[in-house]
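# Fold and contact review
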Amino acid sequence: MKPVVALVGRPNVGKSTLFNRLIRDRQALVDDMPGVTRDRHYGEARWDDKAFTVIDTGGFLTEDDDYFAAQIRDQLAVAVAQASALVLILDGRAGLSPFDHDLAAMLRKSGKPVFYVVNKIENQRQLDDLGDFYDLGIESFYPVSAEHGIGVADLLDDLVAGL
Ligand code: GDP
Ligand code: MG
């Protein structure tokens, strides 16, 4: 079985945008039709000849949900259990939210490698302004723009190295 990577994060941080970028080559036809991949949760990705399955956990958390309602927590726990590596996506424009701290704690508890990604970073000024993200108790993070593909290669290099 291929290794599994789970993309985790609160709504609107860019999980689906990153997911679609990671599976793009294999889903090119589908991707060309806006909206078609919106509800897809599993996809196949490849980087450096390493094939892996990506889970977009976005369907498990929605704007209206109580994030830590038992059912949601269970669904997220299943994805985390299936994964060999976890990617916590944070919103570099909106900043940290209490949910980010809760999610980070949940992912760390798994004992699996967690890659912290600060998304929506598209210029130097934004890049210079990310110090607050260390409040999450992390040593490093990957600034990326899932939309424009900036920084994604660095993330993938490190991600697949451990798969
Ligand atoms: P999800 O709810 O975590 O799946 O987030 P989406 O992928 O649906 O993205 C939420 C919103 O953020 C959308 O309007 C995206 O266009 C926007 N977005 C996602 N990634 C980026 C990015 O890298 N840069 C910018 N500027 N916007 C982004
Ligand atoms: Mg989504």
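As recorded in an unreviewed UniProt entry, the chain goes by the name GTPase Der, listed as coming from Desulfotignum phosphitoxidans DSM 13687.

## Overview of the overall build of the chain
Within the chain, the regular secondary structure consists of six helices and six strands. Counting from the amino terminus, the chain carries its helices and strands in the arrangement β-α-α-β-β-α-β-α-β-α-β-α. Scored against the burial criterion, the 163 residues of the chain give a buried share of 34%. Of the contacts formed within the chain by residues at least 6 apart in sequence, a portion of 69% connects residues at least 24 apart.

## Things to note about the site of ligand 1
With respect to spatial proximity, 15 residues lie near ligand 1, and among them Gly14, Lys15, Ser16, Thr17 and Glu147 are the closest. Among the elements that line the shell around ligand 1, the one with the most residues is helix H1 (residues 15–22), at three residues. Per-class residue counts for the shell around ligand 1 are three nonpolar, eight polar and four charged.

## Description of the sheet that holds strand S3 (residues 50–56)
By definition, the strands of a sheet pair up through backbone hydrogen bonds, in either a parallel or an antiparallel sense. Ordered in space as S2-S3-S1-S4-S5-S6, the six strands form an open sheet in which the pairing is mixed. The strands lining the two open edges of the sheet, one partner per strand, are strand S2 (42–47) and strand S6 (142–143). As paired elements, S2 and S3 share six bridges and run antiparallel to each other. Counted as the bridge partner of Arg46 is Ala51 from S3. On the sheet, helix H4 (residues 98–109) packs against strand S1 (4–8), strand S4 (85–91) and strand S5 (114–119) and is oriented at approximately 170° with respect to S4. Against the sheet, helix H6 (residues 152–161) engages S1, S2, S3, S4, S5 and S6, with an angle of about 170° to S5.

Rules of the game
Residues numbered from 1 in each chain as written. Chains lettered and ligands numbered in written order. Predicted model: local features only at pLDDT ≥ 70, side-chain atom pairs only at ≥ 80, totals over all residues. Helix = DSSP H or I, 4+ residues; strand = E, 2+ residues; numbered from the N terminus. Buried ≥ 20, exposed ≤ 12 C-beta atoms within 10 Å, placed from the backbone. Contact = placed C-beta atoms within 7 Å. Near = placed C-beta within 6 Å. Nonpolar A, V, L, I, M, F, W, Y, C, P; charged D, E, K, R; others polar. Pairing = 2+ DSSP bridges. Axes fitted to C-alpha atoms, helices over the stretch in contact; angles between N-to-C directions.

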